[in-house]
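The residues making up each chain are set out below.
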Amino acid sequence: MRLAWIGGLYLEDTVLLLRISRLVQAWDYGWLLPFLARLPFFMGRRLAQARGIVCAVLDYDWRATAVNVRFVRSRVYEMMQSLSTRTPVWKVVQRFMNNSLEEWQACLFRHPEKMAPVARKCHIDHLEEYRRLAGEKRGIVMVSHHFDSFCMGMVLMGMQGLKVHCINTRGIEDPRIDPVVRSYFQTKYRSMESLMNGKMPYHENGMQIFYDKLAQGEMVVLMGDVPGTKSRVLIDFMGKKFRLPLGAWHMATKTDSLLGAYITLGFPGGRYHTVCIPPYAPDPDDPEASLMPIYTFLESWTRACPEKWVTSDLLQTYGS
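What comes next is a walk through the structure. Everything numeric in this text was worked out from a predicted model, so none of it was measured. (Residues numbered from 1 in each chain as written. Predicted model: local features only at pLDDT ≥ 70, side-chain atom pairs only at ≥ 80, totals over all residues. Heavy atoms only, no water.)

## Observations regarding the nonpolar core
Argument step 1. Membership of the largest hydrophobic core comes to 105 residues, with the highest contact counts inside it found for Trp104, Met154 and Ile294.
Argument step 2. Ignoring sequence-local partners within four residues, the contact set of Ile294 consists of Val143, Leu259, Gly260, Ala261, Ile277 and Tyr280. (Core = buried A, V, L, I, M, F, W, Y, C linked by side-chain atoms within 4.5 Å. Buried < 20%, exposed > 50% of the residue type's maximum accessible area, 1.4 Å probe, protein only. Contact = heavy atoms within 4.5 Å.)

Laid out in C-alpha cells, this is it:
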C-alpha cells in the first residue's frame, strides 16, 4: 500500500512518512519514552503498547528512518505469513507493540527505584547454579536473541548478584541515526551497566575484555540472531540457511567456560520470567554440535511466539 491515511489526508508513505518520522523521533525518544518510564508501571506499560500500535500503523522504526527505506512492517508480515500464522496482520501489530515495550523498558533502567521491586518479583531459571558457578570462577557464555525483554533479562541477572557483560556493537554510532536516538541508546547502555555489574563495550574495540571476564568466572551475553560474517557453518534456522556465528563457541572453549541460552518474558504487573537451558560444556572439536542446543531452544520460542521476535525482519536476510 503506497498511501497511508493520516489525519484526514493521504500521504505517500515512501516520502512524507519518512520525513514525519524524522521530525517525530526527537520528541519520541527524547521526551515521550522517558516520560512513560516515570509513570506508574501499569500505566507506562499500557501506553507503551498503545505507542506500538501507532508505530505499526505508520511503519515507524528508527532503523528504517536512518536509511530512508521503510522495510520493517512488510518484512515482518512476510515472516508471519511464512510461519502460516492465521492472523498475520495482528501478529505484525503485536511485534510493534513488543518492540515499543522493549524501548520503554530501556528507560526504566534509568530509575533504580522502579527496578528494585521488579527484581524482587522476577524468576530466573537455574539462578542458584549460576551463583555457584560464579563462586567457582567458571564463566558462562549466554546466547539470546532480540526477543521480548532480552535486555531486561541481562539487567535482572545482574540485580540478582551476577556480573553480566554484553557484547555490543558501534553500529549505533552510525551518523545516519538521529542524534537523539543515539543518545537514547547510550543512556540505555550506561544504565544497564550499572544494574548488570558489568560492561557493554563494542566488540570492534577488541574482544580481550570478554575473555578476561569469562576467565574470572563472570557471564558474557551475546545476541545469536545476527548471522556470522566469516562462518562457513550453515544450519537450518527458522526455515532458512543460517550462517552460524561461532563466537560463543570460541570464547567458551578458550576460557574453559560453559554455554547457555535464555529468553526473558515480560508480563503485566512488572513480572518477568527468564527461561534458560542448563549451562553445559561445549565440544572443543565440534562447534555445530556445541551450539545446536542453543539454536533449537531459540527457534522453539520464536516459532511459538513470533510476534515477540522484535528483529524478525532479519529473517529475509538469511539464506534460503
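## Thoughts on the side chain of Glu103
Argument step 1. Relative to the helices and strands, Glu103 is located in helix H5 (residues 88-108).
Argument step 2. If we skip the residues at most four places from it in the chain, Glu103 touches Tyr29, Leu33, Arg51, Trp62 and Tyr184. (Helix = DSSP H or I, 4+ residues; strand = E, 2+ residues; numbered from the N terminus.)

## Quick notes on the packing of helix H1 (residues 16-38) against helix H9 (residues 179-196)
Argument step 1. One can describe the packing of H1 onto H9 by two numbers: an axis separation of 8 Å at closest approach and a directional angle of 30°. As the angle between them shows, H1 and H9 are arranged roughly parallel. Judged by residue contacts, Gln25, Ala26, Tyr29, Gly30 and Leu33 of H1 engage Val180, Val181 and Tyr184 from H9. (Axes fitted to C-alpha atoms, helices over the stretch in contact; angles between N-to-C directions. Parallel < 35°, antiparallel > 145°, perpendicular 65-115°, else oblique.)

## Quick look at the pattern of salt bridges
Argument step 1. Under the defined criterion, the tally for this structure stands at 17 salt bridges.
Argument step 2. Here Arg176 ties to Asp174 by a salt bridge, and the two come within 2.8 Å at their closest N and O atoms.
Argument step 3. Among the residues examined, Arg176 registers a relative accessible area of 48% and is labelled partly exposed.
Argument step 4. Of the residues examined, Asp174 reaches a relative accessible area of 23% and is grouped as partly exposed.
Argument step 5. By sharing partners, the salt bridges in this structure join Asp61, Arg63, Arg95 and Asp313 into a single network. (Salt bridge = Lys/Arg side-chain N within 4 Å of Asp/Glu carboxyl O.)

## Some remarks on the packing of aromatic side chains
Argument step 1. Here the structure, examined in full by the defined rule, presents 13 aromatic pairs.
Argument step 2. With 5.0 Å between their ring centres and 65° between their planes, Phe41 and Trp104 make a pair best called edge-to-face. Linking Phe41 in helix H2 (residues 41-58) with Trp104 in helix H5, this pair joins segments that are 63 residues apart in sequence.
Argument step 3. Taken together, the ring pairs in this structure connect Tyr29, Trp62, Tyr184, Phe185 and Tyr189 into an aromatic cluster.
Argument step 4. Geometry around Tyr29 places Arg51 over its ring, the cationic atom sitting 5.6 Å from the centre. (Phe/Tyr/Trp six-rings, centres within 6.5 Å; stacked < 30°, edge-to-face > 60°. Lys NZ or Arg CZ within 6 Å of the ring centre and 35° of its normal.)

## Here we look at the environment of Leu298
Argument step 1. Residue position: Leu298 is located in helix H12 (residues 287-304).
Argument step 2. When its relative accessible area of 1% is taken as the criterion, Leu298 is described as buried.
Argument step 3. Sequence separation between Leu298 and Gln216 is 82 residues, and the spatial gap between their C-alpha atoms is 27 Å.
Argument step 4. If near-sequence neighbours (up to four positions away) are discounted, Leu298 is found in contact with Val143, Ser144, His145, Phe237, Tyr262 and Ile263.

## Overview of the pairing of strand S9 (residues 258-267)
Argument step 1. Among the 10 residues of S9, nine are classified as buried, and the element is accordingly described as predominantly covered.
Argument step 2. In the sheet, strand S4 (residues 140-144) pairs with S9 via four bridges, with the strands oriented parallel. Among the inter-strand pairings, Met142 is bridged to a residue of S9, identified as Gly260.
Argument step 3. With eight bridges joining them, S9 and strand S10 (residues 271-280) adopt antiparallel strand pairing. Paired with Tyr262 across the two strands is Cys276, which belongs to S10.
Argument step 4. Linkage of S9 to S10, two consecutive antiparallel strands, is achieved through a turn of three residues, within which Gly269 is found at a positive phi near 85°. (Pairing = 2+ DSSP bridges.)

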